[in-house]
Amino acid sequence: MAGRLLDVDPERAYEHAQVALRHAGRIDIVREAAGLAAYRTNRFAEALRELRTVRRLNGSSEHLPIMADAERGLGRPERALALAASEEAASLDATGRVELAIVASGARSDLGEHDAALAVLDKIAPADAPGDLGLRVLQARAVALEAAGRDDEAAALLATVDSEALERAIGATVPEEDITVFDVEEDAALAEEEYAADHPEEFAADEPEDADEDEDEDEGSAGSADSADSADSPGSADSADSADSADSADSADSADSADSQDDEDDEDDLDEPQADAVDEPSDPESDLESGPEPDTEPSAAGPATDVGADAASGDRSDVGQEKA
């Protein structure tokens, strides 16, 4: 934001640079933004401090012309000339050397050395100052002529150039801020199409798998939807209740029938010995026909007593064998 507002609203740019400086004061580009914003708002001492720090951090002397002009702004033209004659000045590119020559010319004019000011500008080669930079050199010459009291020459020089172009070159007009609108979704779609065109083999390999996955997802979603419908339907709930009721009823009936069957079996077991006890002595005629034997004549009480004792004691091994 400091860079965007530097030519439009320098004071606001300075505020942004100060916020960045508080958060990241050890980074060279942050100190550079703070120095440039301070220079554009005529805070020359602050600009010198920040730009010197930048030079210590990255070793670059690209801002030497601005530092020299800040010295002029503080009323120290001799220091500006010292920077212009320093070894660091020789390391500047063509544009940097032209910028520094313009500052040195102004410092000479500040000292009253008008001829020297014009001589500094005469040393600039036209090839080193094309376009707007050449217009700035012309404007610096006109200023030096005015400082020397040669106003007519200065006016004649300025009449040879377009006034609007000159104002734009020296920063006298506020430039319009360019607003660029980006369609992120459209850019992403175009990038995806370009990638697909450059890598068709990847998309060809992915298409069948994607199709199968889509089918599986559709089937799964359809199945889950059916399950959800069946779970939500009231009929299913009634069926579940009825099924539970039927199972519980069947279980109860089975339990009752099992108990009744056990009771019947117990009654049969108890009836068997009684039937045997009654049947054995209840056939006197057969006993008479066969004739009594001297030592083995049965008595009516004997067998009944033995059977009753067995029944009472629960010793019914024959019943267990029949059931098995």
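Residues numbered from 1 in each chain as written. Predicted model: local features only at pLDDT ≥ 70, side-chain atom pairs only at ≥ 80, totals over all residues. Heavy atoms only, no water.

Some thoughts on empty space enclosed by the protein
Across all of its chains, the model carries 1 cavity of 30 Å³ or more by this definition. What lines the largest cavity is Leu 51, Val 54, Arg 55, Ser 60, Ser 61, Glu 62, His 63, Leu 64 and Met 67. Those elements that place two or more of their residues in the lining of the largest cavity are helix H4 (44-58) and helix H5 (64-73). Grouping the constituent residues of the lining of the largest cavity by class yields 4 nonpolar, 3 polar and 2 charged. (1 Å grid on protein atoms, 1.4 Å probe; cavity = no way out; pocket = protein on both sides within 12 Å on 5 of 7 lines; lining within 4 Å. Points joined across faces, edges and corners; volume = space filled by probe spheres on them. Helix = DSSP H or I, 4+ residues; strand = E, 2+ residues; numbered from the N terminus. Nonpolar A, V, L, I, M, F, W, Y, C, P; charged D, E, K, R; others polar.)

Description of helix H8 (residues 94-110)
End to end, H8 covers 25 Å across 17 residues, agreeing with the expected 24 Å (1.5 Å per residue, within 8%). Listing the buried residues of H8 in full gives Gly 96, Val 98, Leu 100, Ala 101, Ile 102, Val 103, Ala 104, Ser 105, Gly 106, Ala 107 and Ser 109. Against H5, helix H6 (77-84), helix H7 (87-90), helix H9 (114-122) and helix H10 (131-147) lie the buried residues of H8. Immediately beyond the C-terminal end of H8, within one or two residues, lies Gly 112, with a positive phi of roughly 85°. (Expected span 1.5 Å × (residues − 1). Buried < 20%, exposed > 50% of the residue type's maximum accessible area, 1.4 Å probe, protein only. Contact = heavy atoms within 4.5 Å.)

Points about the side chain of Glu 50
Relative to the elements of secondary structure, Glu 50 occurs in helix H4. Beyond its immediate stretch of four places on either side in the chain, Glu 50 contacts Leu 21, Arg 31, Ala 34 and Gly 35.

By themselves, these observations are geometric and do not establish any function.
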